[in-house]
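# Chains, contacts and geometry: an overview
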Amino acid sequence: MRTARYWVIPAFLGLLAGLLAPPALADPVTIAGYDYETSAGGWAPRGAGVSVATTADAAHSGSQSLSVTGRSATWHGTSITPPFEKGITYNVTAWARALPGQPSSTVALTMERTPSGGSTTYERIGAATVTDAAWVEISGAYSFSVDSTLNLYFESSGDTVAFYLDDVVISADSDPTQSGLSTDFETGAAQGWAPRGSSTLAASTSAAHAGSYGLAVTNRSASWDGPARNILGKMAKGSKYALEVWVRSATAQNLGLSIERRLSGTPSYERVVAPTALAAGVWTKLAGTYTLAYDHDFLSVYVESDTGTLPFDIDDFSLTYIAPKPIQTDIPSLKDTVPFTLGAAFYRGATLGEHAKLINKHYESVTPGNALKWDATEPTEGVFTFAEGDALVDFATDNDLQFRGHTLVWHSQTPDWVFAGATKEILLQRIENHIRAVMGRYKGRIGTWDVVNEVIDENQPDGLRRSPWFTIAGLDYIRTAFRVAREVDPDATLVFNDYNTEFPRKREAMFKVVKQLRQEGVPIDAVGHQLHVNIEQAPASWIESSIERFAQLGVEQQVTELDVSVYTDFVSSYASVPAAVLAEQGHRYKEIFDVFRRQASKLTSVTIWGVADDATWLSSFPITRLNPPLPFDDELQAKPAFWGIADPAQLPPLSRQLNAPAGSVEVDGKRDVAWDYLPDAPIARVGNLSAGFQVRSTSGGLYVLGEVVDATNNKTDTVTFTVEGTAYRIQRGGTHAQGFKAHAKKTDDGYRVEAKLPSGTATDVKVVVDDASGPEISWNGTISLLPAIKTTSAPKGTPVVDGTVDSVWSKAKEVTTGTWVQGTSGATAKVKALWNNGTLYVLARVTDPVLSEESPNAYEEDSVEIFVDPENNKTKGYDDDDGQYRISFTGHQSIGGTFDAFGIRDNLTSAASLTPTGYIVEAAIKLPTVTLAKDALLGFDLQVNDATGPARTAAVTWNDPTGQSYLNTSRWGVLQLAK
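None of the values given here were measured: they were computed from a predicted structure.

Regarding its fold elements, the protein presents 11 helices and 54 strands. Each principal axis of the C-alpha atoms in the protein carries an extent, and together these give about 110 × 70 × 65 Å. Counting all 979 residues of the protein, 56% fall into the buried class. Sequence separation of at least 24 residues holds for 72% of the intrachain contacts in the protein that already meet a minimum separation of 6. As displayed, the protein offers around 37,500 Å² of accessible surface, 50% of which is attributable to carbon and sulfur atoms. Looking at charge distribution, the protein has the averaged site of its 81 positive side-chain charges lying 7 Å from that of its 113 negative ones.

Okay, structure coming up:
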């Protein structure tokens, strides 16, 4: 018998087992209806002393209803054996009202279900607060999956409350797993949404996003406490669904959309939409897709915050079935187009339906994104959870796929207990225990393991990340991990895996560590190159150089996590990705796979980090945005990225863009320093032929530079610049047509051409490099004619950084900010620079009579921003050592860079002081990633932010006119170091 205590802890009683079914997207079929106009329709008393009778005293519609009186316990009421079958979702609606004079209570519709051979459970379908003032709707949905005895009944939280019932209707969807679900609260009811804890939910006109009603969520007790909607029976295993809901908060907070599923009482939680920042008072749509990949007997969707218990509103929820588009069977299989093992990262949902077909058609290998990481396999010490890993390994075994294990030791996604109270001995023992358990379980079934992951930090003198692993155990944690892994499975390939290995500094740091460990006898079989790249960076030549460099160690090499972001920075976002960008991505895949094919003898496998764009980590990292980085789109159809791998001849034409700042050079075949203000635009390599080029604009023509790598010295090798349809050919031997000035000169690995072309305003350019005895490579696109790049110099000197202008500053050249990126007048600065011993010093004397730090945003305060690109790479994003160093007039610092400024955040020392006309900022910026010396070039710029009260009203830079200096380095000026 149920007791009143069940009303006290509703969150633990399956309150969400069946909730309101709103207007479905397919016409429902009515199974049964009870209007009580002639009889009780089979509804009987539940509980001793209960009386159930039709009455004309009240009616929701028609002339009669059903009265339920004589109750003396909460579970007393009226019940019926419903006409329900397992596997079908039923929608139940009813109307209730208290008898006159009865107190308010919660009337609930509940299912008493006894599974065959099991224990009786009580599952809430719907509930509402009922008074004697008006009829209230109670509605919900219900489904069950195993043979059971059922009893459907109404009860009340008030032991003795008497109530009426009317217009009970039971219907079923024709296919509930495809008919969808939506709630708009326009009935003025919660429409089946219920609290996960003690929160209060109320349909309210003040909470409406559209229409008249929304759902107000208040009195939350925890971040997870809020509105939940049962969707049991509305999703089918292996099917994909789109979910969206509009949310609003009076106070800024982060809200997300999640799924809770249970099986035999064990809960699991999955995010559909990660917590998203909401501006105060602004409606925001949370939208995502979800593929149900697990057996379950409970399923609900809910809105939660990442922290706190602030109230919020929701409205206009929908769940929509996404019919799968069959995979293309008339295209090449990717695995058949490459001379190495091709794999994909996958997850449980990808083992079902069309995703599974896509994997089997195109890939030979799989690796789990998360299922074998420490937090997934050993969340509590000694307690292992292998269900997810087992399912993925079983899929691979059943489909004859190779399996890469990822990952055994990583600084991220490792439970806190691993490091808690750990001495070196304890930590190494925990590593050993973990590896023996996890690798041992899959010995002989997983042939390759990422043993350690992301342990390199090129900014440290020894090249090692200062993770808790290293802080506690030093290099011995790596030694132990590989030693134990070899002992557990002598036949497994053991991999040392990291990201940014294509970047020269990271490459060399990792090379030295791997070399040292292998010389010690540490059994590192392979190095893994993650290659999370974008459509422009890093250069394909850097990838190739890394493969060639590590080949010197004699280790196997694998590309372990390849994807290509459509963004070059961490801020931009497309509403829909332009076709031209997807074409560029396709050509980028071609360029990268050209490298892989050339290096196939040194490369055993390539793993693409995802099956298709519908499930990629880049959709939420580093920010939530549309970012399709893979060869197959959301519908599993081939993109240009696919053809870039499989058959580049199918790629759409590509038109690129290049900046052509104003400038003049001497056309003599020598590389003037002015060419080094920008990097050469690369022309993709074919065979052993590669090149880069630049353009400078003047009123009388275009200066062009071509740097060609071509070891076969043939005088008729040719670089052709075609401008507005006119071709200008320059041969390696120095021959060119009359009418323009040109020069060719031998270099260490090929030759260089320079020319001045008589076409000063042209924007359409094609560059073709022709190896007379080999291939041809080309670049096609447009050039943007820009103002000259501003340059300045910094002599050697060491000031005291105290906000006082030392005499040493007198020898530095002064420049003035004058490029307005916001407004046309306001605060400006006179700027100088010095350098010494690996440090850049900057002095900014700001003229600004009115100073403010009222804004909560640092960039809207009166401040100076110093931008430094130590290698002058001029990219459309930030490299790890590029920095944005902001100092306010009071000396407050804020620093911007990649990955939370991880590589530069400790570089800045600064001081600020007030002057009669404004303020002075003095800064010392350590640049440990380069060797500072005379004639070195740094990307450099400075911006002055001018605040009026709480807002920024003007901003001015030295060189960059775009207002995007915080996003990319491509338009910064140049600082040359002097004596």
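Right, let's talk about the packing of helix α4 (residues 424–441) against helix α6 (residues 476–488) for a bit. At a minimum axis separation of 9 Å, α4 and α6 run at an interaxial angle of 30°. As far as their axial angle goes, α6 and α4 are roughly parallel. Two packed elements cross with a definite hand, and for α4 against α6 that hand is right-handed. Contact with α4, carried on its side by K424, L428, I431, E432, I435, R436, M439 and G440, involves D476, Y477, T480, A481, R483, V484, A485, E487 and V488 of α6 and no other residues of that element. Residues that form the contact of α4 with α6 fall into these classes: 9 nonpolar, 2 polar and 6 charged.

This paragraph deals with the sheet that holds strand β51 (residues 918–926). The strand order β43-β45-β46-β51-β50 describes an open sheet built from 5 strands, whose pairing is antiparallel. The open sheet has two edge strands, β43 (815–816) and β50 (908–915), and neither has a second partner. The sheet contact formed by strand β45 (residues 828–836) and strand β46 (residues 839–847) spans 9 bridges and is antiparallel. Bridge pairing in β46 places T828 opposite T847.

Bringing the nonpolar core into the picture now. Counting 102 residues, the largest nonpolar core has W449, Y477, I478, F496, F593 and F596 as the members making the most contacts within it. The element best represented in this core is α6, accounting for 7 residues. With residues up to four places along the chain from it excluded, the contact list for F596 reads F340, L531, I543, I547, V559, L562, L603 and V606. Residues A794, L840, V846 and I904 belong to the second largest nonpolar core, which totals 34 residues.

Side chains of F570, V571, F899 and Y966 sit close together on the surface and give an oily, nonpolar patch of about 340 Å² of accessible area. With respect to the element layout, F570 can be found in the loop between β30 (556–565) and α9 (579–598).

Looking now at unusual backbone geometry. Here the bond from H406 into T407 is cis, since omega is -5°, no more than 30 degrees from zero. In this structure, the amide linkage connecting Q537 to the following residue, A538, adopts the cis form with an omega of -5°. Relative to the helices and strands, A538 is located in the loop between β29 (532–534) and α8 (540–551). Positive phi, close to 60°, is recorded for Y36, a residue that is not glycine. Take Y36: it is sitting in the loop between β1 (29–34) and β2 (44–46). A relative accessible area of 1% places Y36 in the buried class. Positive phi, close to 55°, is recorded for D400, a residue that is not glycine. With respect to the secondary-structure elements, D400 resides in the loop between α3 (387–398) and β25 (402–410). By relative accessible area, which is 71% here, D400 ends up exposed.

What follows is about the pattern of salt bridges. Side chains that differ in sign of charge can pair as their charged atoms come close. Scanning the entire structure with this criterion turns up 42 salt bridges. Here R483 makes a salt bridge to E432, at a shortest N to O gap of 3.6 Å. With R483 in helix α6 and E432 in helix α4, the pair connects residues that are 51 residues apart, well separated along the chain. Its relative accessible area of 17% is what places E432 among the buried residues. Linking D525 and R486 is a salt bridge whose minimum nitrogen-to-oxygen distance equals 2.6 Å. Remark: R486 occurs in helix α6 and D525 occurs in the loop between α7 (504–519) and β28 (526–529); sequence separation between them is 39 residues. Taken together, the shared-partner salt bridges in this structure form one network comprising R671, D676, D680, E707 and R752.

Its 16 residues place the ends of α7 22 Å apart at the C-alpha level, agreeing with the 22 Å of an ideal helix rising 1.5 Å per residue. Listed as buried for α7 are K506, R507, A509, M510, F511, V513, V514 and L517. Buried residues in α7 make contact with α6, β27 (493–498), β28 and α8. Just past α7, the residue G521 takes up positive phi, approximately 100°.

Ordered in space as β32-β41-β40-β36-β37, the 5 strands form an open sheet in which the pairing is mixed. At either end of the open sheet lies a strand with only one pairing partner, and these are β32 (656–661) and β37 (726–731). On average, adjacent strands in this sheet sit at an angle of 30° to one another, irrespective of strand direction. For strand β36 (residues 718–723) and strand β40 (residues 764–770), the ladder comprises 6 bridges, and the chain directions are antiparallel. When the bridges of β40 are listed, V719 appears paired with V769.

Take the packing of aromatic side chains next. Tallied over the full model, the rule gives 33 aromatic pairs. Consider the rings of F340 and F593, whose centres lie 6.3 Å apart with planes at 35°: the pair is tilted. Of this pair, F340 sits in the loop between β22 (312–322) and β23 (341–346) while F593 sits in helix α9, and the two are 253 residues apart along the sequence. Of the two residues examined, F340 and F593, each falls in the buried class. Here the aromatic rings of F340 and F596 are separated by 6.2 Å at their centres, their planes lie at 80°, and the arrangement is edge-to-face. One end of the pair, F340, is in the loop between β22 and β23; the other, F596, is in helix α9, and 256 residues separate them in sequence. Residue class for F340 comes out buried when judged on its relative accessible area of 6%. Under the relative-accessibility criterion, F596 is labelled buried at 0%. Among the aromatic side chains, those forming a connected cluster through ring pairs are W374, W417, F419, W469 and Y477. Across from the ring centre of Y153, 3.6 Å away, lies the NZ or CZ of R46, which sits over that ring. The side chain of K506 reaches across the aromatic face of Y499, ending 3.7 Å from its centre.

What follows is about the confidence of the model for the protein. In low-pLDDT segments, the atomic positions of the prediction should not be examined closely. Averaged over every residue, the pLDDT of the protein is 93; the share at 70 or more is 97%. Counting interchain partners and residues more than four positions distant, the pLDDT-below-50 stretch residues 1–25 has 79 contacts.

It is worth spelling out the environment of I314 at this point. Among the structural elements, I314 can be located in strand β22. Remark: the alpha-carbon pair of I314 and P227, spanning 87 residues in sequence, is separated by 8.5 Å. In this view, I314 contacts F185, W193, A207, G214, L215, P227, V245, W246, V247, W283 and V303; residues no more than four positions away in its chain are not counted.

Calculation criteria
Residues numbered from 1 in each chain as written. Predicted model: local features only at pLDDT ≥ 70, side-chain atom pairs only at ≥ 80, totals over all residues. Heavy atoms only, no water. Helix = DSSP H or I, 4+ residues; strand = E, 2+ residues; numbered from the N terminus. Buried < 20%, exposed > 50% of the residue type's maximum accessible area, 1.4 Å probe, protein only. Contact = heavy atoms within 4.5 Å. Areas by Shrake-Rupley, 256 points an atom, 1.4 Å probe, with all protein chains shown as cover. Lys, Arg positive; Asp, Glu negative; His and termini not counted. Charge placed at Lys NZ, Arg CZ, Asp CG, Glu CD. Axes fitted to C-alpha atoms, helices over the stretch in contact; angles between N-to-C directions. Parallel < 35°, antiparallel > 145°, perpendicular 65-115°, else oblique. Left-handed = near helix turned anticlockwise from the far one by under 90°. Nonpolar A, V, L, I, M, F, W, Y, C, P; charged D, E, K, R; others polar. Pairing = 2+ DSSP bridges. Core = buried A, V, L, I, M, F, W, Y, C linked by side-chain atoms within 4.5 Å. Patch = residues over 30% accessible without salt bridge, like charges linked within 9 Å, V, L, I, M, F, W, Y side chains within 5 Å. Salt bridge = Lys/Arg side-chain N within 4 Å of Asp/Glu carboxyl O. Expected span 1.5 Å × (residues − 1). Phe/Tyr/Trp six-rings, centres within 6.5 Å; stacked < 30°, edge-to-face > 60°. Lys NZ or Arg CZ within 6 Å of the ring centre and 35° of its normal. pLDDT = per-residue confidence, 0-100.

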